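Residue-level structure breakdown
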Amino acid sequence: MLGLWRKIRGTGRVAEPAPPRPADRLPAAAPLGGSVQIRHVDAGSCNGCEVEIGSAFGPVYDAERYGARLVASPRHADALVVTGPVTRNMAEPLRRTYDAVPGPKLVIAVGDCARNCGVFAGAYGVAGAVRDVVRVDVEIAGCPPRPEAIVEGLRKLTGR
Ligand code: SF4
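Residues numbered from 1 in each chain as written. Predicted model: local features only at pLDDT ≥ 70, side-chain atom pairs only at ≥ 80, totals over all residues. Heavy atoms only, no water.

Looking up the protein in an unreviewed UniProt entry gives the name Ni,Fe-hydrogenase III small subunit, with the organism given as Actinocrispum wychmicini. In its Cofactor (unreviewed entry) section, the UniProt record describing the protein reads: "[4Fe-4S] cluster". What the UniProt record of the protein gives under Sequence similarities (unreviewed entry) is the line "Belongs to the complex I 20 kDa subunit family." (UniProt positions renumbered as here; feature names shortened; annotations may be inferred.)

Have a look at this one:
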């Protein structure tokens with residue numbers, strides 16, 4: 001065992017150096033080459049926007065046919081879709097989720113609350129709009145936005 005430990009210590013590090021990291025940001029609304037993997041973050045929504053996102057990915061509006069796909073982990077995502085005003089409790093989790101997305105990455109603020117706090121502006125539990133916490137590339141207006149508007153915003157990213 002001691003011999004093995006000495007051999008490991010004597011060999012040192014043999015892995016190749018990591019390649020340079022890609023740029024952390026894409027130009028706003030740059031097409032992502034046909035597809036985008038999305039992690040959704042509810043930062044304090046009333047869930048109205050979630051219903052419309054569900055419709056946008058449902059069989060009628062079918063955002064997947066334009067290359068947009070929801071994924072379960074920010075580590076597998078190219079973009080975050082954020083809904084709701086950012087509550088004080090969700091500001092740090094949103095920051096951490098953003099940091100977990102590998103670059104280059106995009107952020108899409110869905111709904112008026114995500115854009116400017118909407119009907120929750122000035123509420124005691126609200127830390128701010130999404131752009132007050134992370135950089136936003138695309139905003140989709142509406143309370144809630146119609147599924148067509150959500151699909152249109154996603155198509156700007158996929159270029160399809
Ligand atoms: S924009 Fe409207 S539907 Fe969406 S979270 Fe805010 S209040 Fe709810």
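1. Thoughts on the sheet that holds strand 7 (residues 138-140)
Strand order in the open sheet made by the five strands is 2-1-3-5-7, with parallel pairing throughout. This sheet does not close on itself; its edge strands, each paired only once, are strand 2 (68-70) and strand 7. Going from strand to strand, the sheet's axes swing by 30 degrees on average, the running direction of each strand aside. Sheet analysis places strand 5 (residues 106-110) next to strand 7, joined by three bridges and oriented parallel. (Pairing = 2+ DSSP bridges. Helix = DSSP H or I, 4+ residues; strand = E, 2+ residues; numbered from the N terminus. Axes fitted to C-alpha atoms, helices over the stretch in contact; angles between N-to-C directions.)

2. Considerations on the packing of aromatic side chains
Applying the stated rule across the entire model yields zero aromatic pairs. Over the aromatic face of Tyr 98 sits the side chain of Lys 105, whose NZ or CZ is 4.2 Å from the ring centroid. Against the face of Tyr 66 rests Arg 155, its NZ or CZ located 4.1 Å from the ring centre. (Phe/Tyr/Trp six-rings, centres within 6.5 Å; stacked < 30°, edge-to-face > 60°. Lys NZ or Arg CZ within 6 Å of the ring centre and 35° of its normal.)

3. Some points on unusual backbone geometry
The omega torsion of the bond from Gly 103 to Pro 104 falls at -5 degrees, within 30 degrees of zero and hence cis. Within the secondary structure, Pro 104 sits in the loop between helix 3 (88-100) and strand 5. Across the junction of Cys 143 and Pro 144, the peptide omega takes the value -10 degrees, indicating a cis bond. Tracing the sequence through the fold places Pro 144 in the loop between strand 7 and helix 5 (147-158). Phi angles above zero are rare outside glycine, and Asn 47 is one such case at about 85 degrees. Of note in this structure, Cys 117 is not a glycine but carries a positive phi near 75 degrees.

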